[in-house]
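Here is how the chains run, residue by residue.
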Amino acid sequence: MPIEGTHTIVMNNFIFHSPTEFIFGRNTENEAGSTLKRYGAGKVMLVYGGGSAEKSGLIRKITDSLTASGLEYVALKGVKPNPEADLVYEGIGLAVREGVTFMLAVGGGSVIDTAKAIAVGAVYSGDFWDFYIGKATPVASLPIGVVLTIPAAGSEGSCKTVITKKDDLGIHKISIGSELIRPRFAIMNPELTMTLPWMQTAYGVADMLCHIFERYFSNTEAQLVNAYSEAIMRDIMDQALTLKVNPDDYNARADIMWAGSLAHNGLCGVGKVEDWASHRLEHEVSAFYNVAHGAGLACIFPAWLLYVAKRNPDMAWKFAINVMSVNPQGLDTDHIIAHGISTLKQFYNDLGLTTSLRELIGEEPDIDAMVESLRHNIGDTLGNYMPLSMDDCKEIYRLAL
Ligand code: NZQ
Ligand code: ZN
């Protein structure tokens, strides 16, 4: 039942084409070589991070699997969280010199996004950063495959890549989308996520939830999409609490891993006008203070919801009842919404996440500088559920303190 006085718009026409092949379950990493072969890979570039995949023996398993399939490869290691342009340039040089024809990312969002940037940059004669500043649009890409080690960013099934570049004008953490970079396949063994430090699991949970929030909080009427989105959100929260107690629970790991992909492969946004203001507000936080993206979202999203619900309460009310299980009996709309937001914050706290920006970064954030950077990177307004001015953005950062 919509709240009186709010307006919804009918579902948009849509095309859902999200063709990533998901290869899911125990030991599937051993299929990396045969899968690449099936996709016609020639020389492969293996991209990975700072050490966890080497330490766990995963890289050895992958290279054994490539060798067994007769595939040549070169390796680019050292991707850091909130990945930067420098390693992308290095990777593009390597890909061109070595005649790489297929990218294989072994890791999480940072590794996958780096591989995606290299994939479009290696077949472009200009500077890959042109794509991120809107100076050019990708028209070709090397194909990309993924072995996922952390459920979070959803990049294994998304058409997005987020890279940070520092220059004389400041820090730019920018996201772009192109169907050309949606991975051809993603190998997902939930057991690989059992080596994650607890906080990385928690950050991932906050990120995947927010990927659904960005689509759920919409003025488009879409009852079925909302219903399955609510089911996925409830399951993520249930399973996250299970993992907090028992991090080796396979079924909970499996649910969280699959949910991370469903959250961001487009399924939860079909026919809807999506929002994405919380993500853009957060990208400034992780760019300025190099915190984990999910940790930033746990501070920003509740503040965003508190702010926009005053002007557009409809979905906030539904969310409180259908996702946060607030009992509406005897409560007015404002109280239902307030209770929904405080229950969400409590859930984050139960996972060990703070919802205070000041506490997260350990200092007073420079709100004016972040908003100025946002204006430079995005423009004068952002979001759709309730379009925000730069003054609104300042208010939301203040609410997140
Ligand atoms: O570098 P290593 O040693 O591998 O350590 C990583 C890293 O420090 C560690 N890790 C990963 N798998 C592990 C593990 N440690 C132990 N065991 C494992 N199995 O986890 C740390 C974080 O990795 P990262 O890839 O940074 O995490 P995540 O997947 O959360 O990615 C975050 C990045 O993705 C972007 C974010 O902005 C951020 O830059 N996003 C990308 C999106 C997309 N392309 O669609 C959408 C998202 O909204 C997001 O913005
Ligand atoms: Zn995200």
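Refer to the structure above for everything that follows.
Reading guide: rules and limits
- Residues numbered from 1 in each chain as written.
- Chains lettered and ligands numbered in written order.
- Predicted model: local features only at pLDDT ≥ 70, side-chain atom pairs only at ≥ 80, totals over all residues.
- Heavy atoms only, no water.
- Helix = DSSP H or I, 4+ residues; strand = E, 2+ residues; numbered from the N terminus.
- Rg over C-alpha atoms; globule rule 2.2 N^0.38 Å.
- Buried < 20%, exposed > 50% of the residue type's maximum accessible area, 1.4 Å probe, protein only.
- Contact = heavy atoms within 4.5 Å.
- Areas by Shrake-Rupley, 256 points an atom, 1.4 Å probe, with all protein chains shown as cover.
- Lys, Arg positive; Asp, Glu negative; His and termini not counted.
- Charge placed at Lys NZ, Arg CZ, Asp CG, Glu CD.
- Polar contact = N/O pair within 3.5 Å; in protein donor to acceptor, adjacent residues only side chain to side chain.
- Pairing = 2+ DSSP bridges.
- Axes fitted to C-alpha atoms, helices over the stretch in contact; angles between N-to-C directions.
- Near = heavy atom within 4 Å.
- Donors = N, O, S within 2.8 Å, 3.2 Å for Na, K, Ca; no water.
- Parallel < 35°, antiparallel > 145°, perpendicular 65-115°, else oblique.
- Left-handed = near helix turned anticlockwise from the far one by under 90°.
- Nonpolar A, V, L, I, M, F, W, Y, C, P; charged D, E, K, R; others polar.
- Salt bridge = Lys/Arg side-chain N within 4 Å of Asp/Glu carboxyl O.

Looking now at the overall build of the protein chain. When its secondary structure is counted, the protein chain shows 16 helices and eight strands. The C-alpha atoms of the protein chain give 21 Å as radius of gyration, which agrees with the globular expectation for 401 residues (21 Å, within 12%). Counting only C-alpha atoms and orienting by the principal axes, one finds that the protein chain spans roughly 65 × 45 × 45 Å. Looking at the 401 residues of the protein chain, the share that counts as buried comes to 58%. Sequence separation of 24 or more characterises 78% of the internal contacts of the protein chain that already satisfy a separation of 6 or more. Accessible area for the protein chain stands at about 16,400 Å²; split by element, carbon and sulfur atoms hold 51% of it. Measuring between centres, the 32 positive side-chain charges of the protein chain sit 4 Å from its 46 negative side-chain charges.

Attention shifts here to the side chain of His279. Relative to the helices and strands, His279 is located in helix H10 (residues 277-289). Exposure remark for His279: the relative accessible area of 6% places this residue in the buried category. In terms of polar contacts, His279 uses its side chain to reach the side chain of Glu214, at 2.8 Å. Look past the residues within four positions of His279 in its chain and what remains in contact with it is Asp207, Cys210, His211, Glu214, His293 and Leu297.

Our next topic: the sheet that holds strand E5 (residues 144-148). The six strands lie next to each other as E1-E8-E5-E4-E2-E3, forming an open sheet whose pairing is parallel. Two strands in the sheet have a free side with no partner beyond their single neighbour: strand E1 (21-24) and strand E3 (73-76). Sheet twist, expressed as the mean angle between neighbouring strand axes with direction ignored, is 20°. Where strand E2 (residues 44-48) lies against E3, four bridges are found, and the strand directions are parallel. When the sheet's bridge partners are listed, Leu46 is paired in E3 with Ala75. Most of the contacts of helix H5 (residues 109-121) go to strand E4 (residues 102-107), to which it runs at about 165°, and overall it touches E2, E3, E4 and E5. Strands in contact with helix H9 (residues 250-262) are E1, E5 and strand E8 (185-188); relative to E1, the strand with the most contacts, it is inclined by about 175°.

What follows is about the site of ligand 1. Around ligand 1 there are 32 residues in total, and Gly50, Ser52, Gly109, Ser110 and His211 lie nearest to it. Residue Gly50 places a main-chain N or O atom 2.7 Å away from an oxygen atom belonging to ligand 1. Note that an oxygen atom of ligand 1 is positioned 3.0 Å from one of the side-chain N or O atoms of His283. Coverage of ligand 1 by the protein amounts to 88% of the 970 Å² it exposes when considered alone. Where the shell around ligand 1 is concerned, the elements lending two or more residues are H5, strand E6 (160-167), helix H7 (198-216) and H10.

By definition of the ideal shapes, four donors in a tetrahedron about a metal sit 109.5 degrees apart, and six donors in an octahedron sit 90 or 180 degrees apart. Looking at the metal site, the zinc ion (ligand 2) is ligated by Asp207 (OD), His211 (NE2), His279 (NE2) and His293 (NE2), spaced 2.0 to 2.2 Å from it. All donor residues of the zinc ion (ligand 2) come from one chain, and their arrangement in sequence is D-x3-H-x67-H-x13-H. Placement of the pair is His211 in helix H7 and His279 in helix H10, with a sequence separation of 68 residues. For the pair His211 and His279, one class covers both residues: buried.

A separate point is the packing of H7 against helix H11 (residues 293-309). One can describe the packing of H7 onto H11 by two numbers: an axis separation of 7 Å at closest approach and a directional angle of 55°. Taken as axis vectors, H7 and H11 run oblique relative to one another. As H7 runs across H11, the sense of the crossing is left-handed. From H7, Tyr203, Ala206, Asp207, Cys210, His211 and Phe213 reach across to H11, where they touch His293, Gly294, Ala295, Leu297, Ala298 and Phe301. Its residues assigned to classes, the contact of H7 with H11 comprises eight nonpolar, three polar and one charged.

Side chains that differ in charge, positive against negative, can pair when their charged atoms come close. Considering all chains together, one arrives at 16 salt bridges under this definition. The partner of Glu72 in a salt bridge is Lys43, with the nearest N and O atoms 3.8 Å apart. Placement of the pair is Glu72 in the loop between helix H3 (58-68) and E3 and Lys43 in the loop between helix H1 (32-38) and E2, with a sequence separation of 29 residues. For Glu72, a relative accessible area of 54% corresponds to the exposed category. Of the residues examined, Lys43 reaches a relative accessible area of 17% and is grouped as buried. Across the pair Arg375 and Glu372 runs a salt bridge whose closest N-O atoms are separated by 3.5 Å. Residue Arg375 and its partner Glu372 are both found in helix H15 (residues 367-378); the two are separated by three residues, about one turn of the helix. Arg375 gets classed as partly exposed once you look at its relative accessible area, which sits at 34%. Among the residues examined, Glu372 registers a relative accessible area of 44% and is labelled partly exposed.

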